[in-house]
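One letter stands for each residue in the lines below.
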Amino acid sequence: MRAVSPAYTAVEEIAGAWLLDLLGLPPDSAVGFTTGATMANFTCLAAGRDTVLRRAGWSVAHDGLAGGPPVRVIAGQDRHMAIDLALRYLGLGRPELVEADAQGRIDAEALRHTLAARGPGVGPGSVPTIVILQAGDIHSGAFDPFPETIRAAREADAWVHVDGAFGLWAAASPTHAHLTDGCARADSWATDAHKTLNVPYDCGLAVVGDPAALRSAMGLQGDYLIQHEHGDPIDKVPELSRRGRAFTVWAALRSLGRAGVADLVDRLCRHARAFATGIDAIDGATVLNDVVFTQVCAEFGDDERTDRVLARLLDEGAAWISGSTWHGRRVMRISVSNWSTTDEDVSHTLDAIRRASSRTIRP
Ligand SMILES: Cc1ncc(COP(=O)(O)O)c(C=O)c1O
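None of these values were measured; they are calculated from a predicted model.

1. Side note on the domain arrangement of the protein chain
Accessible area lost upon the coming together of the parts is a frequently used measure of interface size. Assigned domains of the protein chain: these are domain 1 (6–252) and domain 2 (258–358). Computed from C-alpha atoms alone, the centre-to-centre distance between domain 1 and domain 2 is 30 Å. Listed by partner, the interface residues are 28 residues for domain 1 and 27 residues for domain 2. Interface area for domain 1 against domain 2, summed over the two sides, is near 2,000 Å², with a carbon-plus-sulfur share of 57%. Across the contact surface, domain 1 and domain 2 share one salt bridge. Residues of the side of domain 1 that touches domain 2, tallied by class, amount to twelve nonpolar, eleven polar and five charged.

As structure tokens, then:
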């Protein structure tokens, strides 16, 4: 609370304002500091759910969800599973899925079609709707086409939310900011300071363009709580008691500055491109994604060999890279996230991948 933690509140507000500026988001937005992006998605989507239902004449705070109008939630088929989890917490169930292209970008035309189709049980035009977009696909790093998709969602009077757990930080780099073009026209954005910004874990950011919408979803009153006319940090997140998460964000931004954050983002992307170039040069290896941000997905001929290369790599222990399944294929998945990764680390890791690959070639 502001009354008992004025220094913390000031730091949270300063860090929040810097973040909005850095990420190119509307300056009057509210910023809540959550445990991570899952809870940031939850927090933003709670504001969205309550707002679209309020517009339909229904108060979730007063009446709950049962008996209210159904809410349509629409997301790309390659959304992160944290979205489904947040929707489960919110009592909204699984989203309706819209096709995505080979890189995982939601198809704007298909979204338009889905929005035009009748919602469950209610006539078009009156269906409370939320559209969830993505800034940064975990496999390809791809960003949804924000201008077209947000235009389509706006025409359908939908709340637009962007999950940008790691990708929203592209906006902080003049070289990569184009990836987030148009994204600022959404209603809410979730990201993590503990991913690209590299503050210690337990620091997500829930940004909502309309502070009143967030406050109405997350705010509370209690006789023993000292309310402040300018609002309190506790009105922007699900928890009451929590640690002072904004201190680390303030410190990281204060020490890095705008140029330092841009350098950090660019460095992670440069390492990802170096990984892609190095892996593509390995006999039998193919990088499957367009490397636009910090993600690289590669295969080594077939699923079985890809798994053997991964197993060899982990056995050797020089580098730790996990596998994944992307569009039905086993892949080696790299997501360059750590600020301290150096060119040498990348080069040693590539050596290890080459060794693992050569040892899996059958004579
Ligand atoms: C796109 C995306 N959304 C959401 C999440 C969940 O974030 P957190 O682990 O901070 O809850 C992740 C985590 O990797 C992510 O990449």
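2. Some thoughts on the packing of helix H1 (residues 6–23) against helix H8 (residues 246–280)
Two numbers describe how H1 lies on H8: the axes approach to 9 Å, and their chain directions differ by 35 degrees. Crossing angle aside, the handedness with which H1 passes H8 is left-handed. Across the interface between the two elements, Tyr8, Val11, Glu12, Ile14, Ala15, Trp18, Leu19, Asp21 and Leu22 of H1 pack against Ala246, Phe247, Val249, Trp250, Leu253, Arg254, Arg258 and Val261 of H8. A breakdown of the residues in the contact of H1 with H8 according to their chemical character gives 13 nonpolar, no polar and four charged.

3. So, the pattern of salt bridges
With the rule as written, the count across this model stands at 24 salt bridges. Residue Arg215 is joined to Asp235 by a salt bridge in which the shortest nitrogen-to-oxygen separation is 3.4 Å. In this pair, Arg215 is assigned in helix H7 (residues 211–218) and Asp235 in the loop between H7 and H8, connecting sequence segments 20 residues apart. Exposure remark for Asp235: the relative accessible area of 4% places this residue in the buried category.

4. Considering the layout of surface pockets
Quantified by volume, the largest pocket comes out at close to 930 Å³. The wall of the largest pocket is formed by 40 residues, among which Ile334, Ser335, Val336, Ser337 and Asn338 lie closest to the centre. For the lining of the largest pocket, the element with the most residues is helix H10 (residues 343–358), which contributes four residues. When grouped by side-chain class, the residues that make up the lining of the largest pocket number 17 nonpolar, 17 polar and six charged. When its volume is computed, the second largest pocket comes out at roughly 310 Å³. Listing elements by their share of the lining of the second largest pocket, those giving two or more residues are H1, strand S1 (30–34) and H7. No other element matches the five residues that H1 contributes to the lining of the second largest pocket. The residue inventory of the lining of the second largest pocket, partitioned by class, reads eight nonpolar, four polar and eight charged.

5. Observations regarding helix H9 (residues 303–316)
Here H9 spans 20 Å end to end across 14 residues, near enough to the 20 Å set by a 1.5 Å rise per residue. Among the residues of H9, Arg305, Thr306, Val309, Leu310 and Leu313 are the ones counted as buried. Summarising the axial view, the buried residues of H9 lie within an arc of 140 degrees, below the 170-degree limit, and thus occupy one face. Buried residues along H9 sit in contact with strand S9 (295–299), strand S10 (322–326), strand S11 (329–335) and H10. Sitting at the head of H9, Asp302 places a side-chain oxygen 3.2 Å from the backbone nitrogen of Glu304.

Cut-off values and rules
- Residues numbered from 1 in each chain as written.
- Predicted model: local features only at pLDDT ≥ 70, side-chain atom pairs only at ≥ 80, totals over all residues.
- Heavy atoms only, no water.
- Domains from an automatic or database assignment.
- Contact = heavy atoms within 4.5 Å.
- Buried area = accessible area lost by both parts, 1.4 Å probe.
- Salt bridge = Lys/Arg side-chain N within 4 Å of Asp/Glu carboxyl O.
- Nonpolar A, V, L, I, M, F, W, Y, C, P; charged D, E, K, R; others polar.
- Axes fitted to C-alpha atoms, helices over the stretch in contact; angles between N-to-C directions.
- Helix = DSSP H or I, 4+ residues; strand = E, 2+ residues; numbered from the N terminus.
- Left-handed = near helix turned anticlockwise from the far one by under 90°.
- Buried < 20%, exposed > 50% of the residue type's maximum accessible area, 1.4 Å probe, protein only.
- 1 Å grid on protein atoms, 1.4 Å probe; cavity = no way out; pocket = protein on both sides within 12 Å on 5 of 7 lines; lining within 4 Å.
- Points joined across faces, edges and corners; volume = space filled by probe spheres on them.
- Expected span 1.5 Å × (residues − 1).
- Arc of directions from axis to C-beta.
- Polar contact = N/O pair within 3.5 Å; in protein donor to acceptor, adjacent residues only side chain to side chain.

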